[in-house]
Amino acid sequence: MADGNNPNNYYQRVPNSKSHSSSDLASCSKLIQENHRRRKTTDDNELEDEEAEHFERINATFVHYKARCLRQLQKQLFFYNRLTPRHKSMLQNDNGVDSYVEHLKRVKSCIDENQKFLNLITARVGRMFENQNYDDHDIRDPTTKRKKWTDERSVSEFNMEKLRSTLKQFVRDWAEEGKEERESCYTPVLEDLKQLFPDPKGVEVLVPGAGLGRLAWDIAKAGYNCEGNEFSLFMLFGSNYILNHCKAINSVTIYPFVHQWTNNLSYEDQVRPVSIPDVETSSPMPDGVKFCMSAGDFTEIYAKKRSYPMQQANGCKNDKNNATDSCAKESLCMSF
């Protein structure tokens, strides 16, 4: 794996707008309503502590990925060892070697490599928001709370499944293998933009649910001012690394399918490597193009104005001394 520092930094986070990842729209709606209600009754310090807790829990999911996966792998081996010799013999190859046990060893190696990649991501998330520093966040009663949030046993299976899904998402957004899918869903958007606005100069585009940031990045590369908005810290952690710190094409190798135990034609399908990114994300944007990512709830960030001022968002990220009050209050940015 190779790593580099991108001089660009594109990220901003909305204060008191906790990022969550839930596929249940009803639950999300209730959560948003509850957040709005609590904003009126809860002091800022308590809300900041809750945000820090959520951040730490997601970070702990990345950190403890390997430990959780190896424990599950041990279960696989335990069930295998309970098989009868006759059943075990069915898993041997032509040379009499137990191919299933050898495959489990390869799976473990793939998990090791994935953890190295996740470590690169988490090493840079504490300061990824220009207007929120989680490295120095002063959490009240840290001796008990922080340990509870970051302990491996506190990592939920729901969050771990989200992380496994995020690894697969890298394939769609940032690997050559995902090119066909990107062409089917991203290319039509870019073509319509070019048809509606042949001259991209001064045109501002918002991408809600930006995920790992590929569509927003492509739009900015096409010459449009673009702001991506994302709710999930899993996506934001990943896009922060790819867009801000991954310097070379195909510099990272991951194994996104290593947890897929069904619908494989062969063992090789499960341990297939994928290299990312397929483009040089550290290359500069076209002259005058503004590109940023805002983190938080779409309905909160953009509720007060029909269009969010890109000028202010960019000022917030690139010149904190000259940032407007509305920008500083409205959003937390990760600028690229």
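Given the structure is predicted, the values throughout are model-derived calculations rather than measurements. Positions within a chain are numbered from 1, following the residues in the order the chain's sequence is written. Residue-level local features of this predicted model are given only where pLDDT is at least 70; pairs of side-chain atoms are given and counted only at 80 or more, and the full residue set underlies all totals for whole chains, interfaces and linings. The basis for every side-chain value is the complete set of non-hydrogen atoms in the structure, without hydrogens or water.

Some details on the side chain of His-64
Put simply, the test is: Runs of H or I in DSSP of at least four residues are treated as helices and runs of E of at least two as strands, each being numbered from the N terminus. Three exposure classes are used, based on accessible area relative to the maximum for each residue type with a 1.4 Å probe and protein chains only: buried under 20%, partly exposed in between, and exposed over 50%.
Along the polypeptide, His-64 turns up in the loop between helix H2 (44–63) and helix H3 (65–81). Note on His-64: relative accessible area 17%, which makes it buried.

As for the nonpolar core
Which entries qualify depends on this criterion: We define the nonpolar core as a collection of buried residues of types Ala, Val, Leu, Ile, Met, Phe, Trp, Tyr and Cys that are connected through side-chain atoms lying within 4.5 Å of one another.
In this structure, Phe-117 and Ile-276 are the most contacted members of the largest nonpolar core, which totals 66 residues. For this core, the leading source of residues is helix H5 (residues 99–122), giving 9 residues.

A closer look at the confidence of the model for the protein chain
Quick reminder of the rule: How sure the predictor is of each residue is captured by pLDDT, a score from 0 to 100. Contacts are assigned to residue pairs with any non-hydrogen atoms lying within 4.5 Å of each other.
Taken as a whole, the protein chain shows an average pLDDT of 79; of its residues, 69% reach a score of 70 or greater. With pLDDT under 50 throughout, residues 137–142 is counted as low confidence; its partners more than four residues away or in other chains account for 15 contacts. Within the model, pLDDT remains below 50 along residues 306–333, and this stretch shows 80 contacts once partners closer than five positions in the same chain are excluded.

Brief notes about the packing of aromatic side chains
Here is the rule: Each Phe, Tyr or Trp ring, with Trp reduced to its six-membered ring, pairs with another whose centre is within 6.5 Å; inter-plane angles below 30 degrees give stacked pairs, above 60 give edge-to-face pairs, and intermediate values give tilted ones. Criterion for a charge above a ring: Arg CZ or Lys NZ at most 6 Å from the ring centre, at most 35 degrees from the ring normal.
All told, the structure shown has 9 aromatic pairs when counted by the stated rule. Judged by centre distance (5.8 Å) and plane angle (70 degrees), the ring pair of Trp-174 and Trp-217 falls under edge-to-face. A residue pair is termed long-range when its members are at least 10 positions apart, and Trp-174 in helix H7 (residues 157–174) and Trp-217 in helix H10 (residues 214–221) qualify at 43 residues. Each member of the pair Trp-174 and Trp-217 is classed as buried. Following the ring pairs from residue to residue traces out a cluster consisting of Phe-55, Phe-62, Phe-234 and Phe-237. Lying across the ring of Tyr-80, Lys-88 places its NZ or CZ 5.2 Å from the centre.

What to know about the pairing of strand S3 (residues 225–230)
Stated precisely, the cut-off is as follows: In short, DSSP must find at least two bridges between two strands for them to pair. Handedness rule for crossovers: strands pointing away from the viewer, path from the first strand over the helix to the second running clockwise, crossover right-handed.
By the criterion of burial, S3 is predominantly enclosed, with 6 of the 6 residues buried. By the alternation rule, side chains of S3 split into Asn-225, Glu-227 and Asn-229 and Cys-226, Gly-228 and Glu-230, which are all buried. In this sheet, S3 lies alongside strand S2 (residues 204–208) in parallel orientation, the contact comprising 5 bridges. Opposite Val-207, over in S3, you have Gly-228 as the bridge partner. Once you follow S2 into H10 and on to S3, the crossover reads as right-handed. Where S3 lies against strand S6 (residues 291–295), 5 bridges are found, and the strand directions are parallel. Counterpart to Gly-228 in the pairing with S6 is Met-293.

Remarks on the pattern of salt bridges
Using the following cut-off: Whenever Lys or Arg places a side-chain nitrogen within 4 Å of a carboxyl oxygen from Asp or Glu, that contact is recorded as a salt bridge.
For the structure on display, the rule yields 14 salt bridges. Arg-106 is the salt-bridge partner of Glu-268, the closest N and O atoms lying 2.6 Å from each other. You can see Glu-268 sitting in helix H12 (residues 267–270) and its partner Arg-106 sitting in helix H5, a full 162 residues away along the chain. Note on Glu-268: relative accessible area 44%, which makes it partly exposed. What makes Arg-106 partly exposed here is its relative accessible area of 37%. A salt bridge links Arg-172 to Glu-181, with the nearest nitrogen and oxygen atoms 3.9 Å apart. Residue classification places Glu-181 among the partly exposed positions, given a relative accessible area of 41%.

Some thoughts on unusual backbone geometry
The peptide bond linking Ile-276 to Pro-277 adopts the cis configuration, its omega dihedral lying at -10 degrees. Its place among the elements puts Pro-277 in the loop between strand S5 (274–276) and S6. The phi dihedral of Asn-250 falls on the positive side, at around 50 degrees, and the residue is not glycine. Note on placement: Asn-250 falls in the loop between helix H11 (233–244) and strand S4 (252–254).

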